[in-house]
Amino acid sequence: MPVTTQQPANAHRLAIGDFTLTTLIDGQFEAGFGLLSNIDETEAKRLHDASRRPTPPRITLNAYLLETGQETILIDTGFGPLGGGAGGRLFESLADAGHAPDDIDTVLITHMHPDHIGGLVDANDQPTMPRARVLVPAGELDYWGGAIPADADDAQTQQFEAAHRVIAAVGSQIQHLEGNAVLPGITRVPLPGHTPDHSGYRIASGNAQLLLWTDIVHLPSIQFPNPEATVAFDSDAAQAAETRRRIMSEVAESREPVAGHHLDFPGVGYVVADGAGFRWLPHVWTP
Ligand SMILES: [Zn+2]
Ligand SMILES: [Zn+2]
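Note that the coordinates shown come from a computational prediction; the quantities given were computed from them, not determined experimentally.

Analysis parameters
- Residues numbered from 1 in each chain as written.
- Chains lettered and ligands numbered in written order.
- Predicted model: local features only at pLDDT ≥ 70, side-chain atom pairs only at ≥ 80, totals over all residues.
- Heavy atoms only, no water.
- Helix = DSSP H or I, 4+ residues; strand = E, 2+ residues; numbered from the N terminus.
- Rg over C-alpha atoms; globule rule 2.2 N^0.38 Å.
- Buried < 20%, exposed > 50% of the residue type's maximum accessible area, 1.4 Å probe, protein only.
- Contact = heavy atoms within 4.5 Å.
- Areas by Shrake-Rupley, 256 points an atom, 1.4 Å probe, with all protein chains shown as cover.
- Donors = N, O, S within 2.8 Å, 3.2 Å for Na, K, Ca; no water.
- Tetrahedral: all angles 85-135°; square planar, octahedral: opposite > 155°, others 65-115°.
- Pairing = 2+ DSSP bridges.
- Polar contact = N/O pair within 3.5 Å; in protein donor to acceptor, adjacent residues only side chain to side chain.

S.K.: Mind showing me how you'd approach the overall build of the protein chain here?
M.R.: Counting its regular elements, the protein chain contains 7 helices and 16 strands. Taken against the 2.2 N^0.38 rule, which gives 19 Å for 287 residues, the C-alpha radius of gyration of the protein chain at 18 Å falls within 12% of a compact globule. Along the first, second and third principal axes, the C-alpha atoms of the protein chain reach 50 × 50 × 50 Å. For the protein chain, the proportion of its 287 residues judged to be buried stands at 51%. Of all intrachain contacts in the protein chain linking residues separated by at least 6 positions in sequence, the fraction that spans at least 24 positions is 69%. Carbon and sulfur atoms make up 50% of the accessible area of the protein chain, which totals about 12,700 Å².

S.K.: What is the right way to read the coordination of the zinc ion (ligand 2) from this model?
M.R.: For a metal with four tetrahedral donors the ideal donor-metal-donor angle is 109.5 degrees, while six octahedral donors give ideal angles of 90 or 180 degrees. At this site the zinc ion (ligand 2) is bound by D115 (OD), H116 (NE2), D215 (OD) and H262 (NE2), with donor distances of 2.0 to 2.2 Å. With 4 donor atoms in place around the zinc ion (ligand 2) and angles of 92 to 162 degrees between them, the coordination shape is irregular. Written as a sequence motif, the donor residues of the zinc ion (ligand 2) are D-H-x98-D-x46-H. In this model, the zinc ion (ligand 2) sits 3.2 Å from the zinc ion (ligand 1), the two metals being bridged by D215. Placement of the pair is D215 in the loop between β12 (208-212) and α6 (220-223) and H262 in the loop between β14 (258-259) and β15 (268-274), with a sequence separation of 47 residues.

S.K.: Please explain the sheet that holds β15 as it appears in this structure.
M.R.: Strand-to-strand pairing in sheets goes through backbone hydrogen bonds, with the strands running parallel or antiparallel. Reading across the sheet, the 7 strands line up as β9-β10-β11-β12-β14-β15-β16 and stay open at both edges, with mixed pairing between neighbours. Lying at the two open borders of the sheet, with one neighbouring strand each, are β9 (181-183) and β16 (277-282). Pairing of β15 with β16 involves 6 bridges; the strand directions are antiparallel. Bridge pairing in β16 places V271 opposite W280.

S.K.: Looking at this model, I keep getting lost on the coordination of the zinc ion (ligand 1). Mind explaining?
M.R.: Every protein donor of the zinc ion (ligand 1) is accounted for by H111 (NE2), H113 (ND1), H194 (NE2) and D215 (OD), and the metal-donor separations fall at 2.0 to 2.3 Å. Here the zinc ion (ligand 1) binds 4 donor atoms, and the angle range of 89 to 171 degrees at the metal identifies the geometry as irregular. All donor residues of the zinc ion (ligand 1) come from one chain, and their arrangement in sequence is H-x1-H-x80-H-x20-D.

S.K.: Even after reading the chapter, I still don't get the side chain of H111, so can you show me in this structure?
M.R.: Mapped onto the elements of the fold, H111 is located in the loop between β6 (106-108) and α3 (114-117). A distance of 2.9 Å separates the side chain of H111 from the side chain of T110, its partner in a polar contact. Side-chain polar atoms of H111 contact the side chain of D215, separated by 3.1 Å. Setting aside anything within four residues of it in sequence, one finds H111 in contact with H116, I117, E140, H194, T195, H198, T214 and D215.

S.K.: Just checking my understanding: could you explain the environment of A31 for this structure?
M.R.: Relative to the helices and strands, A31 resides in the loop between β2 (19-30) and β3 (36-37). We classify A31 as buried; its relative accessible area is 6%.

S.K.: I keep staring at the pairing of β2 and nothing clicks. Help me out?
M.R.: The side chains of a regular strand alternate between both faces of the sheet. Burial analysis of β2 places 9 of its 12 residues in the buried class, the great majority of the element. The sheet contact formed by strand β1 (residues 11-16) and β2 spans 6 bridges and is antiparallel. What sits directly across from H12, in β2, is T23. Between the antiparallel neighbours β1 and β2 lie 2 residues, among them G17 with a positive phi of about 55 degrees.

Below is the structure:
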């Protein structure tokens, strides 16, 4: 009998006051150590080996569903058809959570990288959630919707082309998100560096809150102990590193729970200070 490694369901629910935050896994993609900079490669490999994670490193990709009682909100959309074979499980995971694409009222975008916006379209460039409005931070829309910079490398050019493709398909659904007050209980937290207007969202209900910090970390075993280590996807490496250390310090001090699109499923937990860096304490899966 063949060994089955697929999970029976790929969704995890967490209460935040009167809200429900559901992590939906979109997939994983492989990353080489060459993706890293501002860390010695030997040290990166040592930390990775110490974590007992598979090599080459795999980056988890989540999306998050937030049900506030008033609205059903999807926060980012996974790779959709743009992952070259990676990811693309979002709508299966959404079905595991008991929802159809038409249930989504609002898609809230954190930044316009293909692994966050690809799920807005299908393989034929048709909108997957035509009923939803799509809220995009204004700085992201202006940057990625604009002309491709003359000095863009191949990877950046592909990111711009992916953004242009998605904007062309769902442009009539898109609304600029200005300022930081998003919706009742949801506040935008600017976390620039990974992209120009990379935005986290603080979700608060009753006495509970959580910071969805999005792409602060891609390789947890390496970047928690070494927040200065950056990945090639960070558009401004120095600013990304500075933002990463600052927000890790803040949530380690405040004990606020954190979620992130590249934190391992269920992608929720806590940050604690550890030596010169930090350590990730994953939320314990509760049946
Ligand atoms: Zn990103
Ligand atoms: Zn990402």
